[in-house]
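Listed here are the chains, written in short residue letters.
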Amino acid sequence: MNHRTVLLLVISLIFHFNILGQTTKTDSLSYTLTTHPDTLLNTDDNPERSKMERFSSSKLFRMTYVGVPLIICGQIINQDYHFRSLRNDYIPKFRHHIDDYVQYAPAAIMLGMKVAGVQGRSNWGRMLTSDAFSAAIMATAVNSLKYSVKTERPDGSNRHSFPSGHTATVFMTATMLAKEYGHLSPWVGIGAYSMATATGLMRMANNKHWLSDVMTGAGIGIIATELGYYLADLIFKGRGITNFDTMETLDRYAPPSFIGLYLGINLLPSGYNINNEYRYGTSSGSNAGIEGAWFGNAYFGLGGRLTISDTNVLLNYEQTETAKLDAVKFLIGPYFSKPLSVRWALGTKLIGGVVHYPTLHIGDHRIPKNDAMCFSTGVTMTFKARKHLGFRLFIDYDLQQPHSKLTREWMHMLTFGGSCAAILK
């Protein structure tokens, strides 16, 4: 069974459950256009709804708008070695086992709040039934794939890498916590998924999983919980559930403040001199970090980006064995956004700051570490899936001073990538 087959099976299962559940309204959250075309509210029926809004109010969308994209990206991603190289360049000796415990932290918090008497979505019986279904679906999916796909771990310890069980578990428990107590504050969900994301990144840092393992595991964990709660809703119907006011208003002109992961593939399309005799070029590399901005209105904000990157080096246009052009960047400046609709926005930025280059060895040549200036701009397309969750695709262009002080050639970097961001307002 290959990854594409797995993807088809998962999506087929999701559509099957969605068709069965079209008449189920428990704990539903739907969106439609009000009389003002720049605002979305959760009224149930309105003939003015666009096809996009009818889809985004469907049970299928609510169950899959995060999980399925993660699984799809996990299947088609072809940059596992790039991101593992990034880990090996910056933290090659990282070994910690906190991820073995953090994967259960959202569930522990959920149970602690329940024991303390904090009112959640479900009573004890309904919650435990939902969680049992979720855990069974997640465990079945993860273990079936591990023992059929047999992907070798990055550290070579065994062939049970795909998908990441730790990541599936923590995203499952994070979704449980968000479902039961997300009504209290958007920060419940943001905190839960931040813990989940940190666990997935730590699995990669521990050299136990590839990026595709982590992304697919995250998608499985989220979808397993959605299906588990859906099955419990079919059984319990209106019993043992508290119907909170789940209205969300999506405003086209709300300030789009955000913070999220920054993951991309970079290209340096030019060549650079070491000296008069030798010249080095680059091939593709990887880029990872955090990006965020605070907007005072719908159009203008102030933010920044902190990233690490590595790029493979070619000496006189031939591949070197170990040389990597590493760089750590910290940039700040104005961000701009143009709302295109209630859900879509086009953005750009003009930021500047510093780039730190560690010492670079290319063959017999040593280029000392250096700190230099860097400027960046780019284009971003953001899709607001929920009031506090957005997906971003970007193309960034960085102009940075060279690593070598012996040349005045500025370096040009293109980065193509995406992120899942928390929308803070």
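Being a predicted model, the structure only gives us computed values, none of them experimental.

*Asks:* Just to check I follow, could you spell out a nonpolar patch on the surface for this structure?
*Replies:* On the surface, a cluster of nonpolar side chains totalling about 520 Å² of accessible area is made up of Leu340, Trp344, Leu346, Val379, Met381 and Leu393. Counting residues per element, the ones that place at least two in the nonpolar patch are β9 (344-357) and β12 (370-386).

*Asks:* Honestly, the nonpolar core in this entry has me stumped. Any pointers?
*Replies:* Formed by 36 residues in total, the largest nonpolar core has its most connected members in Met110, Met138, Phe171, Leu177, Tyr181 and Ile220. Those elements giving two or more residues to this core turn out to be α4 (67-76), α7 (105-115), α8 (124-149), α9 (165-181), α10 (186-205), α11 (211-236) and β12. Sorting elements by how many residues they give to this core places α11 first, with nine residues. By size, the runner-up hydrophobic cluster in this structure holds 23 residues, among which are Ala327, Tyr335, Tyr357 and Cys374.

*Asks:* What exactly am I supposed to notice about the environment of Ser212 here?
*Replies:* Topologically, Ser212 is positioned in helix α11. Looking at Ser212, the relative accessible area reads 4%, which means it is buried.

*Asks:* Sorry, what's going on with the packing of α7 against α9 here?
*Replies:* It is the contact of α7 with α9, at a shortest axis distance of 7 Å, that shows an interaxial angle of 30 degrees. On the basis of the axis angle, α7 is roughly parallel to α9. Considering only the axes of α7 and α9, their crossing is left-handed. When α7 is examined against α9, the residues Pro106, Ala107, Ile109, Met110, Met113 and Lys114 are found in contact with a partner set consisting of Val170, Thr173, Ala174, Met176, Leu177, Glu180 and Tyr181. Grouping the constituent residues of the contact of α7 with α9 by class yields ten nonpolar, one polar and two charged.

*Asks:* Explain the packing of α9 against α11 here, please?
*Replies:* Packed helix pairs are specified by the crossing angle of their axes together with the interaxial distance, meaning the distance between the axes. Relative to each other, α9 and α11 sit at 40 degrees, their axes nearing to 7 Å. Taken as axis vectors, α9 and α11 run oblique relative to one another. In this structure, α9 crosses over α11, and the sense of that crossing is right-handed. Note on element contacts: α11 touches α9 through Val214, Gly217, Ala218, Gly221, Ile222, Thr225, Glu226 and Tyr229, opposite Thr167, Ala168, Phe171, Met172, Thr175, Met176, Lys179 and Glu180. Residue composition of the contact of α9 with α11, by class: eight nonpolar, five polar and three charged.

*Asks:* Help me understand the side chain of Lys146, please; the structure alone is not making it clear to me.
*Replies:* Locating Lys146 in the fold gives a position in helix α8. Although buried, Lys146 forms no salt bridge, and the nearest oppositely charged side chain, Asp213, lies 7.2 Å from it. Not counting residues up to four positions away in its chain, the partners in contact with Lys146 are Arg153, Arg159, His160, Ser161, Phe162, Pro163, Gly165 and His209.

*Asks:* Looking at this structure, how should I read the pairing of β12?
*Replies:* Consecutive residues of a regular strand have side chains that alternate between opposite faces of the sheet. Sheet analysis places β9 next to β12, joined by 14 bridges and oriented antiparallel. Across the sheet, Tyr357 pairs through a bridge with Asn370, a residue of β12. In this structure, β12 lies alongside strand β13 (residues 389-400), joined through twelve bridges in antiparallel fashion. Residue Phe383 lies in a different strand from β13, and its bridge partner there is Phe391. Between β12 and β13, which pair antiparallel and follow one another directly, the connecting turn spans two residues.

*Asks:* Explanation requested: the pattern of salt bridges in the structure shown.
*Replies:* Two side chains with opposite charge may pair up if their charged atoms get near one another. Applying the stated criterion across every chain yields a total of ten salt bridges. Arg121 is the partner of Asp233 in a salt bridge, and the nearest nitrogen-oxygen pair spans 3.1 Å. With Asp233 in helix α11 and Arg121 in the loop between α7 and α8, the pair connects residues that are 112 residues apart, well separated along the chain. Each member of the pair, Asp233 together with Arg121, is buried. Each of Glu291, Arg305, Lys329, Lys349, Asp396 and Asp398 takes part in a single network of salt bridges with overlapping partners.

*Asks:* Sorry, what's going on with α9 here?
*Replies:* Side chains three or four residues apart in an α-helix point the same way, a direct result of the helix having 3.6 residues per turn. With 17 residues, α9 should cover 24 Å at 1.5 Å per step; its first-to-last C-alpha distance of 24 Å lies within 8% of that length. For α9, the tally of buried residues reaches 15 of 17 residues, placing the bulk of the element in the interior.

*Asks:* Is there a simple way to explain unusual backbone geometry in this structure?
*Replies:* Negative phi values dominate among residues other than glycine, just as trans dominates among peptide bonds. In this structure, Pro163 follows Phe162 across a cis peptide bond, with omega equal to -10 degrees. As for its position among the elements, Pro163 is in the loop between α8 and α9. In this structure, Lys150 is a non-glycine residue whose phi angle is positive, near 60 degrees. Examined against the element boundaries, Lys150 turns out to sit in the loop between α8 and α9. The exposure class assigned to Lys150 is partly exposed, which follows from its relative accessible area of 45%. Positive phi outside glycine occurs at Lys237, with the angle close to 50 degrees.

*Asks:* Help me understand the environment of Leu302 in this model?
*Replies:* With respect to the helices and strands, Leu302 occurs in strand β7 (residues 300-315). Here the alpha-carbon distance between Leu302 and Phe336, two residues 34 residues apart in the chain, equals 8.6 Å. The contact partners of Leu302, leaving out residues within four places of it in the chain, are Ala293, Trp294, Gly333, Pro334 and Tyr335.

Rules used in this analysis
- Residues numbered from 1 in each chain as written.
- Predicted model: local features only at pLDDT ≥ 70, side-chain atom pairs only at ≥ 80, totals over all residues.
- Heavy atoms only, no water.
- Patch = residues over 30% accessible without salt bridge, like charges linked within 9 Å, V, L, I, M, F, W, Y side chains within 5 Å.
- Areas by Shrake-Rupley, 256 points an atom, 1.4 Å probe, with all protein chains shown as cover.
- Salt bridge = Lys/Arg side-chain N within 4 Å of Asp/Glu carboxyl O.
- Helix = DSSP H or I, 4+ residues; strand = E, 2+ residues; numbered from the N terminus.
- Core = buried A, V, L, I, M, F, W, Y, C linked by side-chain atoms within 4.5 Å.
- Buried < 20%, exposed > 50% of the residue type's maximum accessible area, 1.4 Å probe, protein only.
- Axes fitted to C-alpha atoms, helices over the stretch in contact; angles between N-to-C directions.
- Parallel < 35°, antiparallel > 145°, perpendicular 65-115°, else oblique.
- Left-handed = near helix turned anticlockwise from the far one by under 90°.
- Contact = heavy atoms within 4.5 Å.
- Nonpolar A, V, L, I, M, F, W, Y, C, P; charged D, E, K, R; others polar.
- Lys, Arg positive; Asp, Glu negative; His and termini not counted.
- Pairing = 2+ DSSP bridges.
- Expected span 1.5 Å × (residues − 1).

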